[in-house]
Amino acid sequence: MQIVLASSNQNKVREIKEIFAPYNIQILGITDLDVDIPEIEENGNTYFENALIKANEVAKYTSLPVISDDSGLEVEAFDNGPGIYSARYASNLGGYIPAMKEIIKTCNDKNNYRARFICCIVLVNYLDKPLRFDGLVSGRIIPEIKVGNGFGYDPFFISDELEKTFAEYDPEIKNKYSHRAKALEKLLAYLKESNQ
Ligand code: ITT
């Protein structure tokens, strides 16, 4: 089975390909379609709406099933932001290091470090309606930035199920415990069941 992944974030593409690697499913990137897809405006109000916008846009160019991933970091002390604005928040501040420093400051001020990563995966071109698979990982922000593996906000987030930040582990660990892994686990279980 082939699935097109509607994402231009190469880190997500890498993680999703790694998670699918043991299964008989080939993940194609947008660039494998050999078509020119204009930049997609993510103007939804929820992860699901944004994921649907991305998946539907790419589905205009292929008859293969298409998945998309909309994800973000929610920090309690930050009124559960940056959330769906996670990528834009970092880019407005000039990168992930300044964005993490700002978030740490707010957590310090409020003495609340609770946070979670959210991932919403949408599958279209499969049934006659979009399907949605959600993943969440609860954890905490730490007041240090441990640059290493992973991407984005990984260097200062520790899942409640782990001891260190996602950035400090090999990709296999993040790909087992992350919000993305949890959403994709549900998608894989669904595909397995629907192909039987
Ligand atoms: P596409 O829309 O093209 O897939 P994007 O990076 O714009 O790429 P999103 O709009 O879903 O994707 O933004 C998700 C942002 O949330 C991402 O850029 C990171 O800032 C953050 N994020 C999501 N998952 C993460 C993870 O596993 N580790 C660290 N940060 C993550």
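Just so it is clear, the model here is predicted, and its values are computed rather than measured.

Draft legend 1. Representation of the nonpolar core in the model. Within the largest apolar cluster, 22 residues are counted, with the highest numbers of intra-cluster contacts made by Leu73, Ile103, Ile141, Tyr153, Phe156 and Phe157. Looking at this core, the elements with two or more residues in it are strand 3 (66-75), helix 3 (86-93), helix 4 (96-110), strand 5 (114-124), strand 6 (131-141) and strand 7 (157-159). Sorting elements by how many residues they give to this core places helix 4 first, with 5 residues. Counting residues in each nonpolar core, the second largest holds 20 residues, with Val13, Ile67, Cys119 and Leu184 among its members.

Draft legend 2. Inspection of the site of the ligand at higher detail. As a structural note, the neighbourhood of the ligand is formed by 21 residues, with Ser7, Lys54, Tyr96, Asp154 and Lys174 the closest of them. Between the ligand and the protein, one listed contact pairs an oxygen atom with a backbone N or O atom of Ser8 at 2.8 Å. Note that an oxygen atom of the ligand is positioned 2.9 Å from one of the side-chain N or O atoms of Asn9. Taken together, the elements giving at least two residues each to the shell around the ligand come down to strand 3, helix 3 and helix 6 (179-194). The element contributing the most residues to the shell around the ligand is strand 3, with 4 residues. Across the shell around the ligand, the residue classes break down as 5 nonpolar, 8 polar and 8 charged.

Draft legend 3. Highlighting the packing of aromatic side chains. Throughout the structure, instances matching the rule amount to 8 aromatic pairs. Consider the rings of Phe157 and Phe166, whose centres lie 5.8 Å apart with planes at 40°: the pair is tilted. Residue Phe157 is classed as buried on the basis of its relative accessible area, which comes to 0%. Pairwise contacts between aromatic rings join Tyr96, Tyr153 and Phe156 into one cluster. Its end group placed over the ring of Tyr169, Lys164 keeps NZ or CZ at 5.0 Å from the ring centre.

Draft legend 4. View of the environment of Arg114. Here Arg114 lies in strand 5. It is 9.8 Å that separates the C-alpha atoms of Arg114 and Ile158, two residues lying 44 residues apart in sequence. Each residue touching Arg114, except ones within four places of it in the same chain, is listed here: Glu74, Val75, Glu76, Ser138, Gly139, Arg140 and Asp160. Among the polar contacts made by the side chain of Arg114, one reaches the main-chain carbonyl oxygen of Gly139 at a distance of 3.3 Å. A polar atom in the side chain of Arg114 sits 2.8 Å from the side chain of Asp160.

Rules behind the numbers
Residues numbered from 1 in each chain as written. Predicted model: local features only at pLDDT ≥ 70, side-chain atom pairs only at ≥ 80, totals over all residues. Heavy atoms only, no water. Core = buried A, V, L, I, M, F, W, Y, C linked by side-chain atoms within 4.5 Å. Buried < 20%, exposed > 50% of the residue type's maximum accessible area, 1.4 Å probe, protein only. Helix = DSSP H or I, 4+ residues; strand = E, 2+ residues; numbered from the N terminus. Near = heavy atom within 4 Å. Polar contact = N/O pair within 3.5 Å; in protein donor to acceptor, adjacent residues only side chain to side chain. Nonpolar A, V, L, I, M, F, W, Y, C, P; charged D, E, K, R; others polar. Phe/Tyr/Trp six-rings, centres within 6.5 Å; stacked < 30°, edge-to-face > 60°. Lys NZ or Arg CZ within 6 Å of the ring centre and 35° of its normal. Contact = heavy atoms within 4.5 Å.

Read these as layout, nothing more, since geometry by itself doesn't imply function.
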